[in-house]
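Structural description and commentary
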Amino acid sequence: AVVSTQSTGAEGDLVKIELGAHLDGYAAVVAHSMVVGATLDSPASGVAADAILAAHYCAEAALRLIKAGNTNKQVTDAIQKITDSYKCTPLEGMLSYQIKRYQTEADTDKQIVLNPSEVQKKEVKDIEFAVHEVYAMDVFVTPGTGKTKEHSAHTTVYRRTEEIYQLKMKASRAFYSDVCNRFTLMPFTLRAFEEETKAKMGLKECVTHELLQAYPVQQDATGQPVAQFKFTVLIVPNGNIRINGGLFDPTLCKSEHSVEDKDIIELLAQSANRKTAGKKKRKKAKTAAEEANTN
């Protein structure tokens, strides 16, 4: 949010942090969830902890499934089983994408849907992952209904589309030119502009004529907390490489629920590293599965 819309977190709040960076158009995106004030001695509990643990293990399961030869349906099915175990629901319609150079949401049919809507069940194609593809895996989980609505908070994050329109206002043309030169097709925030007021003046016409697309702030329709974990993964011949994320400590959350499905427990016990993983890394993966079965 811009300076004028800052808010202060309180102990017990579920907070999500999402970041992205690119080098020469090749992007990496990551997101993490935490509860303010949670410690090993005083872990988070209740529905927020349920959602965070479910989202974490969904992300870990997805990591182990996004490999050459596997399908997007395998990921969707695993996520549903894990969220069921924690009495939670994936947010409806949320997509993860294959990403390409200068595109974090590539124009591609290669998508993973968490909780498909009726329309998506007809439109989203079954796909098979292939070597050398890159995916931004994004998991949203809530103890609520899974239906979404737009939050009252105004977004400050946008990205350029490929629409063409001759802008009328001088301020709009200057703003749009700056966006094109500095951010290409990458998402950007209004904080990146020195003069917030001038940026907002130019923004309105660009959004109205769909030259820029907003990233609206979404929430569960019933107001329940939403946990998010996101990572970038590269598919390689001998498995995959997660290039960010994965630092969450599940002992910071306490839940009366745990992963129940035998196949998912076995999946989480697998090493998340490539086939060259050593014994120490395999032991770490086994520990993660055991934690999923006890949290």
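We now turn to the structure provided with this report. (Residues numbered from 1 in each chain as written. Predicted model: local features only at pLDDT ≥ 70, side-chain atom pairs only at ≥ 80, totals over all residues. Heavy atoms only, no water.)

Right, let's talk about the pattern of salt bridges for a bit. Scanning the entire structure with this criterion turns up 12 salt bridges. Between D138 and K230 there is a salt bridge, with its nearest N and O atoms 3.6 Å apart. Of this pair, D138 sits in strand β6 (residues 134-142) while K230 sits in strand β12 (residues 227-236), placing them 92 residues apart in sequence. The partner of R182 in a salt bridge is D178, and the shortest N-O contact between them spans 3.3 Å. Here R182 and its partner D178 are both found in helix α4 (residues 170-183), four residues apart, which amounts to about one turn of the helix. Under the relative-accessibility criterion, R182 is labelled partly exposed at 41%. Since its relative accessible area comes to 27%, D178 is described here as partly exposed. Residues participating in the shared-partner salt-bridge network are E18, D138 and K230. (Salt bridge = Lys/Arg side-chain N within 4 Å of Asp/Glu carboxyl O. Helix = DSSP H or I, 4+ residues; strand = E, 2+ residues; numbered from the N terminus. Buried < 20%, exposed > 50% of the residue type's maximum accessible area, 1.4 Å probe, protein only.)

Turning to a nonpolar patch on the surface, a few remarks are in order. Taken together, the side chains of I17, L19 and M34 present a nonpolar region at the surface, about 260 Å² in accessible area. Mapped onto the elements of the fold, M34 is located in strand β2 (residues 26-35). The class of M34 is partly exposed, set by a relative accessible area of 34%. (Patch = residues over 30% accessible without salt bridge, like charges linked within 9 Å, V, L, I, M, F, W, Y side chains within 5 Å. Areas by Shrake-Rupley, 256 points an atom, 1.4 Å probe, with all protein chains shown as cover.)

By the bridge criterion, 10 bridges tie strand β1 (residues 14-23) to β2 in an arrangement that is antiparallel. Along β2, the bridge assignment pairs L23 with Y26. Counting the residues between successive antiparallel strands, the hairpin from β1 to β2 contains two residues, one of them, D24, with a positive phi of roughly 55°. (Pairing = 2+ DSSP bridges.)

This brings us to the packing of aromatic side chains. This structure, assessed with the given rule, holds nine aromatic pairs. Residues Y57 and Y86 carry aromatic rings whose centres are separated by 6.5 Å and whose planes lie at 15° to one another, so their mutual orientation is stacked. Linking Y57 in helix α1 (residues 46-65) with Y86 in the loop between α2 (72-85) and β3 (89-90), this pair joins segments that are 29 residues apart in sequence. For Y86, a relative accessible area of 0% corresponds to the buried category. Where F175 meets F188, the ring centres are 6.4 Å apart and the plane angle is 65°; that geometry is what we call edge-to-face. You can see F175 sitting in helix α4 and its partner F188 sitting in strand β9 (residues 188-189), a full 13 residues away along the chain. With respect to burial, F175 and F188 carry one shared label: buried. Connected via pairs of aromatic rings, a cluster forms that spans Y158, F175, F183, F188 and F193. The ring of F193 carries the charged tip of R182 above its face, separated from the ring centre by 5.1 Å. (Phe/Tyr/Trp six-rings, centres within 6.5 Å; stacked < 30°, edge-to-face > 60°. Lys NZ or Arg CZ within 6 Å of the ring centre and 35° of its normal.)

Let's shift gears to the sheet that holds strand β10 (residues 212-214). What the three strands build is an open sheet, ordered β9-β8-β10; its pairing is antiparallel. Looking along the sheet, the strands with just one partner apiece sit at the ends: β9 and β10. Of the pairings in the sheet, the one linking strand β8 (residues 157-160) to β9 comprises two bridges and is antiparallel in character. By the bridge assignment for β9, V157 is matched with T189.

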